[in-house]
Amino acid sequence: MRVAVVGAGVSGLAATKCCLDEGLEPTCFEQSQDIGGLWRYTDSRDSRRVSVYRSVITNTSKEMSCFSDFPFPQDFPSYLSHGLVLQYFRMYARHFGLLRHVRLQTRVLSVRRRPDFTTSGQWEVVTEAGGVRESHVFDAVMVCTGHYQEPYLPLASFPGIESRFQGQCLHSREYRDVQEFRGKRVLVVGIGNTGGDLSVELSRVAAKVFLSTRSHTWVLSRVSEHGFPRDMVGTTRFNHLLEWLLPSALTRRIKFRKFNSWFNHTNYGLASSKSSKFKMIINDELPFCLLSGTVVLKPNVKEFTESSAVFEDGTTEENIDVVLFATGYNFSFPFLEESVGSAIDDNRSLYKCIFPPQLEKPTLAIIGLIQLTGSIMVGAEMQARWVTGVFAGWNKLPPPSRMMAEVQKSKPPVKRNPSERENLKMSFIGYMDKIAACAGVKPSVVRLLLTDPQLALAIFFGPCSPYQYRLVGRGSWSGARAAILSQWQRTLKPLRTRVLGDSSDSSDSWCWMCLLALPAALTAGFLFSKYSWAGPQL
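Residues numbered from 1 in each chain as written. Predicted model: local features only at pLDDT ≥ 70, side-chain atom pairs only at ≥ 80, totals over all residues. Heavy atoms only, no water.

In the nomenclature of an unreviewed UniProt entry, the protein is known as Flavin-containing monooxygenase of Ficedula albicollis. On record in UniProt, under Sequence similarities (unreviewed entry), the comment for the protein is "Belongs to the FMO family." Among the UniProt annotations of the protein, the heading Cofactor (unreviewed entry) holds the following wording: "FAD". (UniProt positions renumbered as here; feature names shortened; annotations may be inferred.)

Below, the structure is given as structure tokens:
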């Protein structure tokens, strides 16, 4: 079975590898000159591709972001620069022999159903390379272009920005480093992860940085208890279980109290515990910048004049040189035939956020169009594993009518703009388990308690790392158990650059906690085996 993969970023590489695992024949088309997608940083501002900015550091740690059968090198730090991420992608591609299936500098112009699609499920894919167009026939298509494609620039929401404002106006997509902002007064609009990062970085060279937001925002550090990565400590099946068992009002109160234990967000004007709508961002330096006055938080902009910004609270900031919009991205699939592409409003238009439900044959999959509370890289790989299993005939989908009904239940009554996507984030564990169950690779904590208690405790109380989904089912990896039991040591390894007299492994305390928590795990296992219909299954 021949499969076209569109894009050679993280999703495209995972899709190509999963195709090979299932005995399929992938051809991956990448319009740029190299693999890596947005993680391949360049100084160029080519309008056809999005790149990370020079100083970007991952928000998810290496143990929670790796491909499930290919850990990051243990000497890599927990949080990674774009250069190390790209290096890892190259290692992955070489190890699994992916590069010979990738056609670089080849743009996909169109993906259309063949006339006999209702019986064959085949697609006609037209590509262009070096000015030469070529037509191909594929049995299936995996679209791996992600959702960072077209800058979302809501200029109409800011009166005067186009007609009166005399300063520079740009989107964060155009940002590479701080040099051109030295000594300027900069207004950053939007407080997502990018807006927070750029405000902090600009504050080191700009005359003044103002950060405008209309959202209640909780700011979290990458570093959690005992110095471990936050996502390793917080993203556990035990915490996932508690969130399901406890009333939502109580879990929110617990979360807000924990967030405020670092600093009081209300004092900083960031968030109130009474707010029902909020977002969370990762930023280790923003609180200090606000405390030192190098970044000033402002409400939403009401209008712009020639050189100033007027805010909704009536205040005005004069002599603004640059307005930098960190307002996110739109996604689009201009190469898909109109009847298919126009039906995709967001990922809730897709069955399990992957399959267009209206197609007679499930031979088109959208990979990586997801927002998770954890790594999208890991989620995209899980999607690709399930999809290639469907293509290969191992996994079955319900009939289109049932998929359409499920999609209709989950779709909102109105479209949302990209700035509201943070509110649509899905639980990392919840979504991963759902797709893993479809693919037949979801681990059973209850079964492991009886056969391998040490591993069961590590899975339940420890990080829900990608290796968990390589323990059972198709594509299981013999190294998964060892990877799970050694993940804390790999996290500490790059820090062992200076050995102290007391060199005891602080990860040992986690092992003792697991042993002491065994009764709780057994109780949880009993509850979920009895009431598995009502919530997340162990």
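Enquirer: Outline the packing of aromatic side chains, supporting the account with residue identities and numerical values.
Expert: Here the structure, examined in full by the defined rule, presents 33 aromatic pairs. Note on F29 and F138: the rings are 6.0 Å apart at their centroids and 85 degrees apart in plane angle, and the pair reads as edge-to-face. Within this pair, whereas F29 is found in strand β2 (residues 25-29), its partner F138 is found in strand β6 (residues 132-138), the two being separated by 109 residues in sequence. Neither residue differs from the other here; F29 and F138 are each classed as buried. Members of the aromatic cluster, connected to one another through ring pairs, are F67, F70, F72, F76, Y88, F89, Y92 and F96. The ring of F138 has R2 lying over it, and the distance from NZ or CZ to the ring centre is 4.4 Å. It is R222 that lies over the ring of Y79; its NZ or CZ is 5.9 Å from the centre. (Phe/Tyr/Trp six-rings, centres within 6.5 Å; stacked < 30°, edge-to-face > 60°. Helix = DSSP H or I, 4+ residues; strand = E, 2+ residues; numbered from the N terminus. Buried < 20%, exposed > 50% of the residue type's maximum accessible area, 1.4 Å probe, protein only. Lys NZ or Arg CZ within 6 Å of the ring centre and 35° of its normal.)

Enquirer: Describe the sheet that holds strand β7 (residues 140-143), listing the residues and the values that go with them.
Expert: In space, the 5 strands of this open sheet follow the order β3-β2-β1-β7-β20, with parallel pairing throughout. Only two strands of the sheet have a single partner each, and these edge strands are β3 (102-103) and β20 (364-366). Its contacts with the sheet put helix α10 (residues 376-392) on β1 (2-6), β7 and β20, and the angle it makes with β7 is roughly 170 degrees. (Pairing = 2+ DSSP bridges. Contact = heavy atoms within 4.5 Å. Axes fitted to C-alpha atoms, helices over the stretch in contact; angles between N-to-C directions.)

Enquirer: Residue-level account of unusual backbone geometry, with values.
Expert: For K352, which is not a glycine, the phi torsion comes out positive at approximately 55 degrees. Counting through the fold element by element, K352 comes out in the loop between α9 (338-341) and β20. Residue K352 is classed as buried on the basis of its relative accessible area of 14%. Backbone geometry places C353, a non-glycine residue, at a positive phi of 65 degrees. Along the chain, the position of C353 falls in the loop between α9 and β20.

Enquirer: Quick rundown of the side chain of R490? Include the residues and the values.
Expert: Considering the arrangement of structural elements, one finds R490 in helix α16 (residues 487-492). Reaching out from R490, the side chain makes a polar contact with the side chain of E63 at a distance of 2.7 Å. For R490, the side chain forms a polar contact with the main-chain oxygen of A483, separated by 2.9 Å. Those residues in contact with R490, other than ones at most four positions away along the chain, are K62, E63, P71, Q74, Y467, A482 and A483. (Polar contact = N/O pair within 3.5 Å; in protein donor to acceptor, adjacent residues only side chain to side chain.)

Enquirer: Tell me about the sheet that holds strand β5 (residues 123-129), and please be specific about residues and values.
Expert: Taken in spatial order, the 3 strands make up an open sheet running β4-β5-β6, and their pairing is antiparallel. Strands at the two margins of the open sheet, each flanked by one partner only, are β4 (107-113) and β6. Across the sheet, the mean angle separating the axes of adjacent strands is 20 degrees when strand polarity is ignored. Bridge count between β5 and β6: 7 bridges; the pairing is antiparallel. The partner of V126 across the bridge, within β6, is S135.

Enquirer: Tell me about the domain arrangement of the protein, residues and numbers included.
Expert: Buried accessible area, meaning the area lost when the parts come together, often serves as the stated size of an interface. For the protein, the assigned domains are domain 1 (2-149 + 330-410) and domain 2 (153-221 + 262-328). For domain 1 versus domain 2, the separation of C-alpha centres amounts to 33 Å. Counting residues at the interface gives 16 residues for domain 1 and 12 residues for domain 2. Per-residue buried area on domain 1 facing domain 2 is highest for R45, Y53 and N59; these three make up 57% of the total on that side. (Domains from an automatic or database assignment. Buried area = accessible area lost by both parts, 1.4 Å probe.)

Enquirer: Requested: an account of helix α4 (residues 193-202), with residues and values cited.
Expert: The buried fraction of α4 is high, at 8 of 10 residues. Considered for burial, the residues of α4 that qualify are G195, G196, D197, L198, S199, V200, E201 and L202. In this structure, the buried side of α4 is in contact with β10 (185-189), β11 (208-212), β13 (279-282), α8 (286-292), β14 (295-298) and β18 (322-325).

Enquirer: Which residues make up helix α12 (residues 428-439), and what values do they have?
Expert: Between its first and last C-alpha, α12 extends 16 Å over 12 residues, near the 16 Å set by a 1.5 Å rise per residue. When we look at burial in α12, the residues that qualify are F428, I429, Y431, M432, D433, I435, A436 and A439. A positive backbone phi angle near 75 degrees is found at G440, which sits one or two residues after α12. (Expected span 1.5 Å × (residues − 1).)

Enquirer: With reference to specific residues and values, describe the side chain of T16.
Expert: Residue position: T16 is located in helix α1 (residues 10-21). According to the relative accessible area criterion, T16 is buried, its value standing at 0%.

Enquirer: Please provide a residue-by-residue account of the environment of Q487, values included.
Expert: You can see Q487 is positioned in helix α16. Apart from residues lying up to four places away in sequence, Q487 is in contact with E63, M232, P463, S465 and Y467.

Enquirer: Lay out the nonpolar core with the relevant residues and their values.
Expert: Ranked by internal contacts, the top residues of the largest apolar core, which has 104 residues, are F89, M142, L202, I354, F355, W386 and F391. Domain assignment of the residues forming this core places at least three in each of domain 1 (2-149 + 330-410) and domain 2 (153-221 + 262-328). Discounting chain neighbours no more than four positions away, the residues touching W386 are Y351, K352, I354, F355, N395, L397, I435, C438 and A439. If you look at the next biggest cluster of nonpolar residues, it comprises 22 residues, including F29, V111, F333 and L350. (Core = buried A, V, L, I, M, F, W, Y, C linked by side-chain atoms within 4.5 Å.)

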